[in-house]
2 protein chains.
Amino acid sequence: MIPQFLKRLDEFSTLSDATQAQLQEYISVVEVPKGEFILKHQEVCRYIFYIEAGFARQYYYKDGKEVTEWFAGNRDFCFSITSYFDGTPSNLLIEAVEDSTVIRLHRDGILQLSKTNPEIAQLAIQMFARSLKFSQLRTESILFQSARDRYLHLLDTKPYVIQKVPLAHIASFLGISQETLSRIRAKV
Amino acid sequence: MIPQFLKRLDEFSTLSDATQAQLQEYISVVEVPKGEFILKHQEVCRYIFYIEAGFARQYYYKDGKEVTEWFAGNRDFCFSITSYFDGTPSNLLIEAVEDSTVIRLHRDGILQLSKTNPEIAQLAIQMFARSLKFSQLRTESILFQSARDRYLHLLDTKPYVIQKVPLAHIASFLGISQETLSRIRAKV
DNA sequence: TTGATTATTTGACGAATGTCAAAGGATTCT
DNA sequence: AGAATCCTTTGACATTCGTCAAATAATCAA
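In this text, all values refer to a predicted model and were calculated from it rather than measured experimentally.

**Thoughts on the overall build of chain A**
Thinking step 1. Along chain A, the regular secondary structure elements total nine helices and six strands.
Thinking step 2. Once the C-alpha set of chain A is aligned to its principal axes, its extents read approximately 55 × 30 × 30 Å.
Thinking step 3. Residues classed as buried in chain A amount to 52% of the 188 residues present.
Thinking step 4. Once local pairs closer than 6 in sequence are excluded, the contacts in chain A between residues at least 24 apart make up 70%.

Right, here's the structure in full:
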């Protein structure tokens, strides 16, 4: 499982055997049962998480209500950006929507080792660049696409989401009310 | 001017004299008159731009209309994320709203040198981490704040914007119509 | 299975916002 | 100054969307 994960990282930037060995010490695998948290509220996010199997939802609380930020499915990465970089307690919660196998890459394995190992620095740069592009795309989709289009896009790219989480979570992810989403759905 | 810029970079991550000398070759200063472009449409974004003096607007076209993405004022950084990382032609335009002094850091100075110089790799990581946090904050503000709150926040953080650009640009930045912004303004 | 809980849909209504149109200000250029 | 252009405000109206409330459907546990 860990070799596969290293191979996945290698796609971002080539990693020598020595670097892979170095990284191994910062990699751990955890099984998270449905309903449990991959990242708890107020916990400092010390890892980049990789959903090897299963499915997770990222959300936080806004005015007492859950607001879904993202769904992380098969082989997606996820982490709390602010907490990870600043070492502050996370407002973001990451919850396993179903039993999940999660591979964790400790931040020291990236942020510390990157200071001395250029390969790891490259890995970090590539991973963060990727996150940055994703974040950018997300902003654009929110700004320029209607809720309806974004729903259709979600259907297109992550069809399994619709089976796995309640409508209300998808609605909060799209930034619209549950009723509106229900009505959008009725017309498709 | 360039020493000051290096000092600014040094705030992200400490840079030795040798590294600073190395970076210098990738730094250039350009004067951009009002109305001219810092980054043209369809041009590949080969630099991270730093607005030393003056003021710029980032925007692109959506259905034939200009949509403002961001304002870059005093000592702000800006670049087209997608174009910069992928080397694709930029959809984003960066226009000088007033005569501006722009310091450009060539992407080779970051992406290439970071492969061999760990200090530059750290700089890259810190800069991209910062961009990532900004991007994240922007997304949250769009999703969870009303247009009115975002306008007030803009007034709070970049009050000079209101003097410098027409209302329509601010409205498109906020994602609302010009008329709505005018009405919001009438009530403040 | 049955009842309890949770999830989804539907209807009615009001608030917020977009669009179209027009008027009034402000700025720029000659 | 005067004309032309650009910018901003205002009004009227239609549309979208959120909220509240209730009904229906689906899921789960005893």
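**Notes on the protein's contact with DNA strand C**
Thinking step 1. Taken together, 15 residues surround DNA strand C, and among them Leu-167, Gln-178, Ser-182 and Arg-183 of chain A together with Thr-180 of chain B come closest.
Thinking step 2. Take the atoms of DNA strand C that sit within 4 Å of the protein: sugar and phosphate atoms are 44% of them.
Thinking step 3. At 3.2 Å, a side-chain N or O of Glu-179 of chain B approaches a base nitrogen of DNA strand C.
Thinking step 4. The side chain of Thr-180 of chain B places a nitrogen or oxygen atom 2.5 Å from a phosphate oxygen of DNA strand C.
Thinking step 5. Counting only elements with at least two residues in the surface near DNA strand C, the list comes to helix 8 (167–174) and helix 9 (178–187) of chain A together with helix 9 (178–187) of chain B.
Thinking step 6. Per element, the largest residue contribution to the surface near DNA strand C is six residues, and it comes from helix 9 of chain A.
Thinking step 7. Here the surface near DNA strand C is composed, by residue class, of five nonpolar, five polar and five charged.

**Description of the relation of the copies chain B and chain A**
Thinking step 1. When chain B is fitted to chain A, the residual RMSD is 0.1 Å, and the transformation amounts to a turn of 180° plus an axial shift of 0.2 Å. Such values leave the two copies arranged in the relation of a two-fold axis.
Thinking step 2. Both copies present the same face, since 97% of the interface residues in chain B are matched by interface residues at the equivalent positions in chain A.

**With respect to the protein's contact with DNA strand D**
Thinking step 1. As a structural note, the neighbourhood of DNA strand D is formed by 15 residues, with Thr-180 of chain A together with Leu-167, Gln-178, Ser-182 and Arg-183 of chain B the closest of them.
Thinking step 2. Protein-adjacent atoms of DNA strand D, using a 4 Å cutoff, are sugar or phosphate at a proportion of 43%.
Thinking step 3. Ser-177 of chain A has a polar side-chain atom sitting 3.2 Å from a phosphate oxygen of DNA strand D.
Thinking step 4. A distance of 3.5 Å separates a phosphate oxygen of DNA strand D from a polar atom in the side chain of Arg-185 of chain B.

**Looking at the environment of His-106 of chain A**
All names here are of chain A.
Thinking step 1. Topologically, His-106 is positioned in strand 6 (residues 93–106).
Thinking step 2. Distance in space between the C-alpha atoms of His-106 and Glu-66 is 27 Å, their sequence separation being 40 residues.
Thinking step 3. If we ignore the near neighbours within four places in the chain, the residues touching His-106 are Tyr-26, Arg-46 and Tyr-47.

**Describing the domain arrangement of chain A**
All names here are of chain A.
Thinking step 1. Under the domain assignment, chain A is made up of domain 1 (2–133) and domain 2 (145–188).
Thinking step 2. The C-alpha centroid of domain 2 is placed 26 Å from the C-alpha centroid of domain 1.
Thinking step 3. With 13 residues of domain 1 in contact, the opposing surface of domain 2 contributes nine residues.
Thinking step 4. Summing both partners gives a buried area of about 930 Å² for domain 1 against domain 2, and 65% of it is carried by carbon and sulfur.

**Observations regarding unusual backbone geometry**
Residue and element names in this part refer to chain A.
Thinking step 1. With a phi close to 75°, Gln-42 is a non-glycine residue in the positive phi region.
Thinking step 2. Looking at the secondary structure, you find Gln-42 in the loop between strand 2 (37–39) and strand 3 (47–62).
Thinking step 3. For Gln-42, a relative accessible area of 45% gives the class partly exposed.

**Side note on the pattern of salt bridges**
A side chain of one charge can pair with a side chain of the opposite charge when the charged atoms of the two come close.
Thinking step 1. By the definition in use, this model includes 14 salt bridges over all chains.
Thinking step 2. A salt bridge links Lys-158 of chain A to Asp-76 of chain A; the nearest nitrogen and oxygen atoms lie 2.7 Å apart. With Lys-158 of chain A in the loop between helix 6 (147–157) and helix 7 (159–164) and Asp-76 of chain A in the loop between strand 4 (65–72) and strand 5 (77–78), this pair connects stretches of sequence that are 82 residues apart.
Thinking step 3. In this structure, Glu-66 of chain B engages Arg-57 of chain B in a salt bridge whose closest nitrogen and oxygen atoms are separated by 2.9 Å.
Thinking step 4. In this structure Glu-66 of chain B comes out as partly exposed when scored by relative accessible area, which is 32%.
Thinking step 5. In this structure, a network of salt bridges that share partners links the residues Arg-57, Glu-66 and Glu-95 of chain A.

**Some remarks on the environment of Phe-5 of chain A**
Residue and element names in this part refer to chain A.
Thinking step 1. Relative to the helices and strands, Phe-5 is located in helix 1 (residues 2–10).
Thinking step 2. Relative accessible area serves as the criterion here: at 1%, Phe-5 is assigned to the buried category.
Thinking step 3. Once the C-alpha coordinates of Phe-5 and Cys-78 are considered, the two residues, 73 residues apart in sequence, prove to be 14 Å apart.
Thinking step 4. Excluding anything up to four places from it in sequence, Phe-5 contacts Ile-27, Tyr-50, Phe-77, Ile-103 and Leu-105.

**Regarding helix 8 (residues 167–174) of chain B**
Residue and element names in this part refer to chain B.
Thinking step 1. Taking burial as the measure, the eight residues of helix 8 include seven buried ones, the bulk of the element.
Thinking step 2. Every buried residue of helix 8 is accounted for by Leu-167, His-169, Ile-170, Ala-171, Ser-172, Phe-173 and Leu-174.
Thinking step 3. Positive phi appears at Gly-175, one or two residues downstream of helix 8, with a value of about 80°.

What counts and what doesn't
Throughout this description, residue numbers start from 1 for each chain and increase along the sequence as written. Lettering of chains starts at A and numbering of ligands starts at 1, both following the order in which they are written. Thresholds applied to this predicted model are a pLDDT of at least 70 for local features of residues and 80 or more for the giving and counting of side-chain atom pairs; totals over whole chains, interfaces and linings are not thresholded and use all residues. Only heavy atoms go into the side-chain values, all of them from the structure, while hydrogens and water stay out. Helix and strand definitions follow DSSP, with helices as H or I runs of at least four residues and strands as E runs of at least two, each counted in order from the N terminus. Burial status follows relative accessibility: with a 1.4 Å probe on protein chains alone, a residue under 20% of its type maximum counts as buried, one over 50% as exposed, and anything between as partly exposed. Any pair of residues with heavy atoms lying within 4.5 Å of one another is described as a contacting pair. Throughout, the term near means that a residue has one or more heavy atoms lying within 4 Å of the molecule or strand in question. The term polar contact refers here to a pair of N or O atoms within 3.5 Å; inside protein, the definition further demands a hydrogen-donor-capable atom paired with an acceptor-capable atom, and it admits residues adjacent in sequence only when both atoms are side-chain atoms. Note that Gly is not counted as nonpolar here; it falls among the polar residues with everything else outside the nonpolar set of Ala, Val, Leu, Ile, Met, Phe, Trp, Tyr, Cys and Pro and the charged set of Asp, Glu, Lys and Arg. When the copies are superposed, the least-squares fit draws on C-alpha atoms of residues that have pLDDT of at least 70 in both. Throughout the structure description, domain borders are defined by an automatic or database domain assignment. Using a 1.4 Å probe, buried area is obtained as the accessible area two parts lose upon being combined, added over both of them. Salt bridge, as used here: a side-chain nitrogen of Lys or Arg that lies within 4 Å of a carboxyl oxygen of Asp or Glu.

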